[in-house]
Amino acid sequence: MQEAPKCPNCKRPLTYLKRVCTESTEYELSVDGCYEKAETKKEDCSGFVCPYCGYLIADDETKAIEFLRQSK
Ligand SMILES: [Zn+2]
């Protein structure tokens, strides 16, 4: 069994990384008081962080997977 990679900051073994995405959706308010959902939808994602201390491990998915797959 391989050992899980450790967080460089808090030294805890990590089996997964955490990523937080915030979605923004725009709505259009028309003169008759109706809201209509506009097509514009923006997804703002942060990097991949340690689930325990929030330390940034990787900024993209490839690096995050590489980190999780490494064994010492
Ligand atoms: Zn950590």
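Let me begin by describing the structure that accompanies this report. Quick caveat, the model's predicted, so the values are computed rather than measured. Along each chain, numbering runs from 1 in the same order as the chain's sequence is written. At least 70 in pLDDT is required for a residue's local features to be given in this predicted model, at least 80 for side-chain atom pairs to be given and counted, and no such filter applies to totals for whole chains, interfaces and linings, which use all residues. Values shown for side chains rest on all heavy atoms present in the structure; no hydrogens or waters enter the calculation.

Our next topic: the coordination of the zinc ion. Only Cys7 (SG), Cys10 (SG), Cys50 (SG) and Cys53 (SG) from the protein coordinate the zinc ion, and they sit 2.3 to 2.4 Å from it. Between the 4 donor atoms coordinating the zinc ion, the angles at the centre fall across 105 to 113°, so the site counts as tetrahedral. Donor atoms are limited to N, O and S found within 2.8 Å of the metal ion, a distance that becomes 3.2 Å for Na, K and Ca. With water left out, some sites might look partial. Binding-site remark: the zinc ion is held by donors from one chain whose sequence spacing is C-x2-C-x39-C-x2-C. Taken together, the residues span a long stretch of sequence, with cysteine 7 in the segment before strand S1 (18-29) and cysteine 53 in the loop between strand S2 (35-49) and strand S3 (56-58) at a distance of 46 residues. Owing to a relative accessible area of 1%, cysteine 7 belongs among the buried residues under this scheme. A four-donor site is called tetrahedral if each angle lies between 85 and 135 degrees; a four-donor site is square planar, and a six-donor site octahedral, when trans pairs exceed 155 degrees and the remaining angles lie between 65 and 115; all other cases are labelled irregular. Each helix is a run of H or I in the DSSP string that is no shorter than four residues. Each strand is a run of E no shorter than two, and both are numbered from the N terminus. A 1.4 Å probe rolled over the protein chains alone gives each residue an accessible area, and that area as a share of the maximum for its type sets the label: buried under 20%, exposed over 50%, partly exposed in between.

The term disulfide is used for any two cysteine sulfur atoms that are within 2.5 Å. The full count for this structure, using the stated rule, is 1 disulfide. The disulfide partner of cysteine 21 is cysteine 45, and the gap between their sulfur atoms is 2.1 Å. One quick way to see it: the torsion about the S-S bond of cysteine 21 and cysteine 45 is about 105°, and its sign makes the bridge right-handed. Of the two residues, cysteine 21 sits in strand S1 while cysteine 45 sits in strand S2, which places them 24 residues apart along the sequence. When its relative accessible area of 29% is taken as the criterion, cysteine 45 is described as partly exposed.

Spatially, the 3 strands line up as an open sheet ordered S1-S2-S3, and their pairing is antiparallel. Only two strands of the sheet have a single partner each, and these edge strands are S1 and S3. Ignoring strand direction, the axes of neighbouring strands in this sheet form an average angle of 50°. At least two DSSP bridges between two strands are required for those strands to pair. Across 2 bridges, S2 lies against S3 in antiparallel orientation. When the sheet's bridge partners are listed, valine 49 is paired in S3 with leucine 56. Here the axes come from fitting lines to C-alpha atoms, over the contacting stretch only for helices, and the angles between their N-to-C directions go from 0 to 180 degrees.

This brings us to the pairing of S2. Here 10 bridges tie S1 to S2, and the two strands are oriented antiparallel to one another. Bridged to cysteine 21 within S2 is cysteine 45. Remark: 6 residues form the turn of the hairpin made by S2 and S3, two consecutive strands paired antiparallel; glycine 54 in that turn has positive phi of roughly 80°.

Our next topic: the environment of glutamate 39. Position of glutamate 39 among the secondary structure elements: in strand S2. A sequence separation of 14 residues divides glutamate 39 from threonine 25, and the C-alpha atoms of the two residues are 7.9 Å apart.

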